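The residues making up each chain are set out below.
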Amino acid sequence: MIGCLCIHGFTGAPFEVAPLVQFLQERTNWHFAVPTLPGHGDNLNLKGVHYKEWIEHADLALRDLMEKCDTIYVIGFSMGGLIASYLAANYPIDKLVLLSAAAYYVNPKQLVLDIKEIIKDSFKGKITDNELFLRYKRKITQTPLSATIQFRTLVTKVRPLLSGINSPTFIAQGQCDGIVPPKSAEYLYSNIGAEQKRLIFYQNAKHLICHSEEREKLFREVFLFLQK
């Protein structure tokens, strides 16, 4: 049996990876685990939550999956990509998929373009139609500074572990990502120790890559990588 653990991002929820999970479920009989990290989900409450709790929660989900399955794939989005990398450095993961993984964060150039787009839509009275604004409004207003510090600490702790990853790795990154810059994917590709690794950039994709207009292409690439 193949088990697939899918980990969402900082201040996010399983919906961030849900389209990919659905795509894979429709084509396989794999067992999927898509946990909601502590403090995350629909009721975002990150006050007092430590980064180790996020790692421990994903670690527990992985060990539970390993008890049921003999082949393990781990998929991580954004911060979830760093948690997935941590797991791959510490467990015998068969394949690793990193989507918009946040080894670096905030792409100033693209973020400025996104903010201009939000302002433009605001003047036109179309702000409620701006997907970026709707997705990140709640995150900005409900994320305490302490949680952001915990996120950055997690990134700092995981980076030195990348060289210890031996699992075949697929890295996907949107060129129009305003949160995670393209150099993050390049850093991961250069520093992950696996001999088998692949990096693909998606020209029109923003941060929520599983919801981007290029998602079908991404999903096919991920499926082919996992099937090989």
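Above this text you will find the structure in question.
The following refers to the structure shown. Please read these numbers as outputs of a predicted model, since none were measured by experiment.

Moving on to the packing of helix 1 (residues 18-25) against helix 8 (residues 215-227). Packing of helix 1 against helix 8 leaves a shortest axis separation of 10 Å and a crossing angle of 55°. Classified by the angle between their axes, helix 1 and helix 8 sit oblique to one another. For the element pair helix 1 and helix 8, the recorded crossing hand is right-handed. Across the interface between the two elements, P19, L20, F23 and L24 of helix 1 pack against E216, F219, R220, V222, F223 and L226 of helix 8. Split into classes, the residues belonging to the contact of helix 1 with helix 8 amount to eight nonpolar, no polar and two charged.

Let's shift gears to helix 6 (residues 145-158). Relative to the 20 Å expected for 14 residues at 1.5 Å per residue, helix 6 spans 20 Å between its end C-alpha atoms, a close match to the ideal helical length. Three or more residues of helix 6 are buried, namely A147, Q150, F151, L154, V155 and V158. Each buried residue of helix 6 sits inside an arc of 140° when the element is viewed along its axis, so together they form one side. Opposite the buried face of helix 6, at more than 90 degrees from it, the exposed residues are L145 and T156.

Now for the packing of helix 2 (residues 51-68) against helix 3 (residues 79-90). Any two packed helices are characterised by how steeply their axes cross, that is the angle between the axes, and by the distance between the axes. It is at 10 Å that the axes of helix 2 and helix 3 come closest, and there the two elements cross at 60°. One finds that helix 2 runs oblique with respect to helix 3. Regarding helix 2 and helix 3, the two cross each other, and that crossing is right-handed. Contact residues: W54, I55, A58, D59 and L62 in helix 2; M79, I83, Y86 and L87 in helix 3. Class assignment of the residues belonging to the contact of helix 2 with helix 3 gives a composition of eight nonpolar, no polar and one charged.

Right, let's talk about the nonpolar core for a bit. Within the largest apolar cluster, 43 residues are counted, with the highest numbers of intra-cluster contacts made by L5, I7, W54, V74 and L154. Listed by contribution, the elements that provide at least two residues to this core are strand 1 (2-7), helix 2, strand 3 (71-77), helix 3, strand 4 (95-99), helix 6 and helix 7 (182-191). In terms of residue count, helix 2 provides more of this core than any other element does, seven residues in total. Ranked by size, the runner-up nonpolar core spans 28 residues in total, among them V21, Y73, F223 and F225.

A word on the packing of aromatic side chains. Under the counting rule described, the total for this entry stands at nine aromatic pairs. Where F23 meets F219, the ring centres are 5.5 Å apart and the plane angle is 50°; that geometry is what we call tilted. Placement of the pair is F23 in helix 1 and F219 in helix 8, with a sequence separation of 196 residues. We classify F23 as buried; its relative accessible area is 7%. Relative accessible area serves as the criterion here: at 2%, F219 is assigned to the buried category. A centroid spacing of 5.3 Å and a plane angle of 75° characterise the contact between W30 and Y73, whose relative ring orientation is edge-to-face.

With that settled, the discussion passes to the environment of V34. Inspection of the secondary structure puts V34 in the loop between strand 2 (31-33) and helix 2. Judged by relative accessible area, V34 falls into the partly exposed class, the value being 30%. Through-space distance from the C-alpha of V34 to that of V21 is 8.6 Å; in sequence the pair is 13 residues apart. Ignoring any residue separated from it by four or fewer positions in sequence, one finds V34 in contact with C6, P14, V17 and V21.

Side chains bearing opposite charge may pair, as long as their charged atoms lie close to each other. Going through the model one piece at a time under the given rule, you end up with four salt bridges. R63 is the partner of D59 in a salt bridge, and the nearest nitrogen-oxygen pair spans 2.6 Å. Within this pair, D59 and its partner R63 are both found in helix 2, separated by four residues, close to a single helical turn. Using a relative accessible area of 39% as the deciding quantity, one classes R63 as partly exposed. A salt bridge links E221 to R198; the nearest nitrogen and oxygen atoms lie 3.2 Å apart. With E221 in helix 8 and R198 in strand 6 (residues 197-202), this residue pair connects regions lying 23 residues apart in the sequence. The exposure class of R198 is partly exposed, given its relative accessible area of 38%.

What counts and how
Residues numbered from 1 in each chain as written. Predicted model: local features only at pLDDT ≥ 70, side-chain atom pairs only at ≥ 80, totals over all residues. Heavy atoms only, no water. Axes fitted to C-alpha atoms, helices over the stretch in contact; angles between N-to-C directions. Helix = DSSP H or I, 4+ residues; strand = E, 2+ residues; numbered from the N terminus. Parallel < 35°, antiparallel > 145°, perpendicular 65-115°, else oblique. Left-handed = near helix turned anticlockwise from the far one by under 90°. Contact = heavy atoms within 4.5 Å. Nonpolar A, V, L, I, M, F, W, Y, C, P; charged D, E, K, R; others polar. Expected span 1.5 Å × (residues − 1). Buried < 20%, exposed > 50% of the residue type's maximum accessible area, 1.4 Å probe, protein only. Arc of directions from axis to C-beta. Core = buried A, V, L, I, M, F, W, Y, C linked by side-chain atoms within 4.5 Å. Phe/Tyr/Trp six-rings, centres within 6.5 Å; stacked < 30°, edge-to-face > 60°. Salt bridge = Lys/Arg side-chain N within 4 Å of Asp/Glu carboxyl O.

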